[in-house]
Amino acid sequence: MPSKYRNFRNSVPWLILFLEAVFIVLFYFLFSANEASRSSISYPAFQDVSHMVIFGFGFFLTFLKRYGFSSTGFNLLITVLGVQCSVLIEGLLVFLLQGTNEDSLKRITKAAMTMTAVVISTGAVLGKTNPVQLIPMTVVEIIVFRMSRWINNVFLQVPDNISMMHVHLFGAYFGLAVSSRFSEPLPRSEKNASTPKLDLFSMLGTLFLWVFWPSFNSILALNNRNAIYNTYFALAVSAVSAFVLSALTTKDGKFRMTHIHSAVLAGGVAVGYAADSIEYPWIAMILGLLASVITILGSYCLQRCLNPVLKIHDTSGVHFTFGLPGVLGALARVVLFVVQNWAVSPRLGYLVMIDIGAFCLTISVALITGFITG
C-alpha cells in the first residue's frame, strides 16, 4: 500500500472498529454458551486449514515488490474479519430457517474454508486495492458465497462437502470480475515488479498449501481417508508434471518457478470435488496430470490472448491456478458419477444436469456479483 495513502487514519481504523462492534453485538444475540458435545472435526484438522489460509495464502501472495508486507498483513486482517462474518452468516441462516446448530469447531472450520474464496479473489486484485476496498469486498463475497451454497444445498440437493469445494471456482471468477473494474498497471511499472527474495517467500507459501491441501479436501468428506489418499497422488503428479512441462515450454529448456508456483497446486483443486469417491488412485493421478497441463497452457494462452481482449489483469494468475482446474474438477465429478451409476440410477440424466447446473450457478453468481462489487 502506498505510504501516502490519503485519509488512512480517518477511514480504515473506524471501518474496522465499526465492523467489529457489529460482530460482537450480533454474536451476543445469535450464539449461546459453547456446547460441550464432541465435534466431528479434530483440532489438528482445523489447524491445517488455518495454516493454509494464514501461512499458505499469506506467503503465496508476497511476490510483488511494493506489496510484500501488505500481502501478508492484509491477508491476516481480512481472514480474521471474514471468519467472524462467515460464522455470523451461518448463525443467521440457522436462526431464520430454524435449522440445527453445528458444533463450534465445525462452524469455525467451515468459516476458515470459506475464507479460501476471499483470499483467492484477493490474489486477482493484488496491488490495485487498499483496505477500504478489500474489507467490503470480503464481507460481500462471504455473504454471496454462502447464499450460493445455500441455493445449491436446498434447491439442487448438492451435498454440503461438495458445495464447499466451490470455493475455488467462486473465488477465482469473483476475483476476475472485480479485477475487470480496475486499470492494468503499466508493463514496466514498479507495481508489477518482483524480487528473488519475495519469489522465494511466495514459493514457500506454495509449499505450505501443497502440504496441507489433503486436509482441506478431506475435512468435510464422507470418506476422509480416501480423500487424503487421492488428493496426495493428484498433487504429486501435478507437481511432477509442472516440472516436466515447464522445461518443455520454455525457450532455454529450464524450469520457470512461475509455472511451478501455479501448477503444483492444480491437482489438489481439480480432485477436490471427487476425492472421497474416486475408487482407484490412477484416476486421481490422471486428474493431477490434466490439471497441471491446463494450468501451464492456460498461463501461456490466457495472459497473451484472452486477458488483453477482456481487459482483465489477473495479478496472481488465479484463473489458471484455481479457476480452470476447478472447472476440470467439476466436470470430472460429473463424468465419474455417470460411470459409477450408468446401470443403477434411472434418473441419471436429471442428476447430471443438477451437478452441471450447480457449478454453472456458482460461476454465474460469482461473475455477476463480482462485477457489481468491483
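Residues numbered from 1 in each chain as written. Predicted model: local features only at pLDDT ≥ 70, side-chain atom pairs only at ≥ 80, totals over all residues. Heavy atoms only, no water.

Undergrad: I would appreciate a short explanation of the overall build of the chain in the present structure.
TA: The helix and strand tally for the chain stands at 14 helices and zero strands. Sequence-ordered secondary structure for the chain, helices as α and strands as β, is α-α-α-α-α-α-α-α-α-α-α-α-α-α. Computed over C-alpha atoms, the radius of gyration of the chain comes to 20 Å, within 12% of the 21 Å expected from 2.2 N^0.38 for 374 residues, which places it in the range of a compact globule. Over its C-alpha atoms, taken along the principal directions, the chain stretches across nearly 60 × 55 × 35 Å. (Helix = DSSP H or I, 4+ residues; strand = E, 2+ residues; numbered from the N terminus. Rg over C-alpha atoms; globule rule 2.2 N^0.38 Å.)

Undergrad: Teacher, can you tell me more about the packing of aromatic side chains here?
TA: The way to describe two aromatic rings as a pair is by their centre distance and the angle between their planes. Throughout the structure, instances matching the rule amount to 20 aromatic pairs. With 5.1 Å between their ring centres and 35° between their planes, F27 and F31 make a pair best called tilted. When the ring of F55 is compared with that of F208, the centres are 5.6 Å apart and the planes differ by 15°; the resulting orientation is stacked. Taken together, the residues F55 in helix α2 (residues 43-60) and F208 in helix α8 (residues 196-218) connect sequence positions 153 residues apart. Here F55 falls in the partly exposed class, since its relative accessible area comes to 37%. Members of the aromatic cluster, each reached through a chain of ring pairs, are F55, F59, F201, F208 and F212. (Phe/Tyr/Trp six-rings, centres within 6.5 Å; stacked < 30°, edge-to-face > 60°. Buried < 20%, exposed > 50% of the residue type's maximum accessible area, 1.4 Å probe, protein only.)

Undergrad: Explain the nonpolar core to me, please; I cannot follow it from the model alone.
TA: In summary, soluble globular proteins display a tendency toward joint burial of nonpolar side chains. Ranked by internal contacts, the top residues of the largest apolar core, which has 79 residues, are M113, W213, F216 and F322. Per element, the largest residue contribution to this core is nine residues, and it comes from helix α4 (residues 104-124). When residues no more than four places from it in sequence are discounted, the contact partners of F216 are V49, M52, M113, T116, M165, V167 and H168. A266, I283, A284 and L328 belong to the second largest nonpolar core, which has 13 residues in total. (Core = buried A, V, L, I, M, F, W, Y, C linked by side-chain atoms within 4.5 Å. Contact = heavy atoms within 4.5 Å.)

Undergrad: Can you help me understand the UniProt feature "transmembrane region" (unreviewed entry) in the chain in this one?
TA: Within this structure's numbering, the places UniProt gives as "transmembrane region" (unreviewed entry) are residues 12-31, 43-64, 76-96, 200-221, 227-248, 282-302, 322-344 and 350-372. Counted over residues 76-96, helix gives 100% and strand 0%. Its end C-alpha atoms are 30 Å apart. End-to-end, the C-alpha atoms of residues 322-344 are 33 Å apart, and along that stretch the chain is 83% helix and 0% strand. (UniProt positions renumbered as here; feature names shortened; annotations may be inferred.)

Undergrad: What should I look at first to understand the packing of helix α13 (residues 318-340) against helix α14 (residues 348-373) in this one?
TA: Helices that pack against each other are described as a pair by the angle of their axes relative to one another and the distance between those axes. Running from N to C, α13 and α14 cross one another at 170°; their axes reach a closest spacing of 10 Å. With respect to their mutual orientation, α13 and α14 come out roughly antiparallel. Residues V327, A330, L331, R333, V334, F337 and V338 of α13 form the contact with α14, whose own contacting residues are L348, L351, V352, D355, I356, F359 and I363. A breakdown of the residues in the contact of α13 with α14 according to their chemical character gives 12 nonpolar, no polar and two charged. (Axes fitted to C-alpha atoms, helices over the stretch in contact; angles between N-to-C directions. Parallel < 35°, antiparallel > 145°, perpendicular 65-115°, else oblique. Nonpolar A, V, L, I, M, F, W, Y, C, P; charged D, E, K, R; others polar.)

Undergrad: I tried to follow helix α3 (residues 68-97) on my own but got confused; where do I start?
TA: Residues three or four positions apart in an α-helix share a direction because the helix packs 3.6 residues into each turn. Here α3 contains 30 residues, and its C-alpha end-to-end distance of 43 Å stays within 8% of the 44 Å for a straight helix at 1.5 Å per residue. Where α3 ends, the next residue or the one after it, Q98, has phi of about 55°, a positive value. (Expected span 1.5 Å × (residues − 1).)

Undergrad: How should I be thinking about the pattern of salt bridges in this particular structure?
TA: Between side chains of opposite charge, pairing is possible as soon as their charged atoms come close. Summed over the entire model, instances satisfying the criterion amount to five salt bridges. Close ionic contact of D160 with K110 constitutes a salt bridge, the shortest N to O distance being 2.8 Å. Taken together, the residues D160 in helix α6 (residues 160-164) and K110 in helix α4 connect sequence positions 50 residues apart. Residue K110 is classed as buried on the basis of its relative accessible area, which comes to 5%. (Salt bridge = Lys/Arg side-chain N within 4 Å of Asp/Glu carboxyl O.)

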